[in-house]
Amino acid sequence: MGRGEFAARKLSRDRKRFRWKDEDFKRRVLKLKQKHDPLEGAPRAKGIVLEKVGVEAKQPNSAIRKCVRVQLLKNGKVVTAFAPGDGAINFIDEHDEVIIEGIGGAKGRAKGDLPGVRYKVVMVNGVDLEEVRIGKKEKPKR
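Report on the accompanying structure.

Reading guide: rules and limits
Residues numbered from 1 in each chain as written. Predicted model: local features only at pLDDT ≥ 70, side-chain atom pairs only at ≥ 80, totals over all residues. Heavy atoms only, no water. Patch = residues over 30% accessible without salt bridge, like charges linked within 9 Å, V, L, I, M, F, W, Y side chains within 5 Å. Areas by Shrake-Rupley, 256 points an atom, 1.4 Å probe, with all protein chains shown as cover. Salt bridge = Lys/Arg side-chain N within 4 Å of Asp/Glu carboxyl O. Helix = DSSP H or I, 4+ residues; strand = E, 2+ residues; numbered from the N terminus. Buried < 20%, exposed > 50% of the residue type's maximum accessible area, 1.4 Å probe, protein only. Lys, Arg positive; Asp, Glu negative; His and termini not counted. Charge placed at Lys NZ, Arg CZ, Asp CG, Glu CD. Core = buried A, V, L, I, M, F, W, Y, C linked by side-chain atoms within 4.5 Å. Contact = heavy atoms within 4.5 Å. 1 Å grid on protein atoms, 1.4 Å probe; cavity = no way out; pocket = protein on both sides within 12 Å on 5 of 7 lines; lining within 4 Å. Points joined across faces, edges and corners; volume = space filled by probe spheres on them. Nonpolar A, V, L, I, M, F, W, Y, C, P; charged D, E, K, R; others polar.

1. Details of a nonpolar patch on the surface
Together, Trp-20, Val-29 and Leu-30 make up an exposed nonpolar region whose accessible area comes to about 240 Å². Within the element layout of this structure, Trp-20 appears in the loop between α1 (8-18) and α2 (23-29). Residue Trp-20 is classed as partly exposed on the basis of its relative accessible area of 36%.

2. Some thoughts on the pattern of salt bridges
Summed over all chains, the structure comprises eleven salt bridges. Where Lys-10 meets Asp-14, a salt bridge forms, and the shortest distance between an N and an O atom there is 3.2 Å. Placement of the pair is Lys-10 and Asp-14 together in helix α1, with a separation of four residues, close to one helical turn. The salt bridge partner of Glu-101 is Arg-44, with a shortest N-O separation of 3.0 Å. Placement of the pair is Glu-101 in strand β4 (residues 97-102) and Arg-44 in strand β1 (residues 44-56), with a sequence separation of 57 residues.

3. Examining a positive patch on the surface
A cluster of like positive charges, contributed by Arg-27, Lys-107, Arg-109 and Arg-118, occupies part of the molecular surface. We classify Lys-107 as exposed; its relative accessible area is 76%.

4. A short note on the nonpolar core
In terms of nonpolar packing, the biggest core is built from 18 residues, with Val-68, Val-70, Ile-92, Val-98, Ile-100 and Val-121 touching the most fellow members. Elements with a contribution of two residues or more to this core: β1, β2 (64-72), β3 (78-82), β4 and β5 (119-124). For Ile-100, the contacting residues outside a window of four places in its chain are Leu-39, Pro-43, Arg-44, Ala-45, Val-70, Leu-72, Val-79, Ala-81, Tyr-119, Lys-120, Val-121 and Val-122.

5. Regarding the layout of surface pockets
In this structure, the largest pocket occupies an estimated 400 Å³ of space. Around the largest pocket, the lining comprises 17 residues; the ones closest to its centre are Lys-33, Asp-37, Lys-107, Gly-108 and Arg-109. Considering only residue class, the lining of the largest pocket consists of five nonpolar, six polar and six charged.

Okay, structure coming up:
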């Protein structure tokens, strides 16, 4: 590699070229996260509940975690979202409008013992799911 007095052009050109070997740089510049992410880089997304599903927890835990299949309004993609809290699934019905956000796993992936579930339900029909669950608010009929 040139180190001389007149090597600046070659050094900067090489640096530009070798940055593309860095996976994080490449993903960031080409915006690969936004392109493959169902939420398209947004923190939250609105969708319609298609069905309720029970997802089996990974080993060594043994449980059926209550989740819902949600079709996003912005692009029609279908994702699985976790309904957090004891009995929260009872307040979510099919064809309800829900808002989902990331569940908080590393690098936007699944969290805990939920295989393949990257999102959680935050609101149902415009009301906070946690407040409906503890009885502070009532879910509106639509």
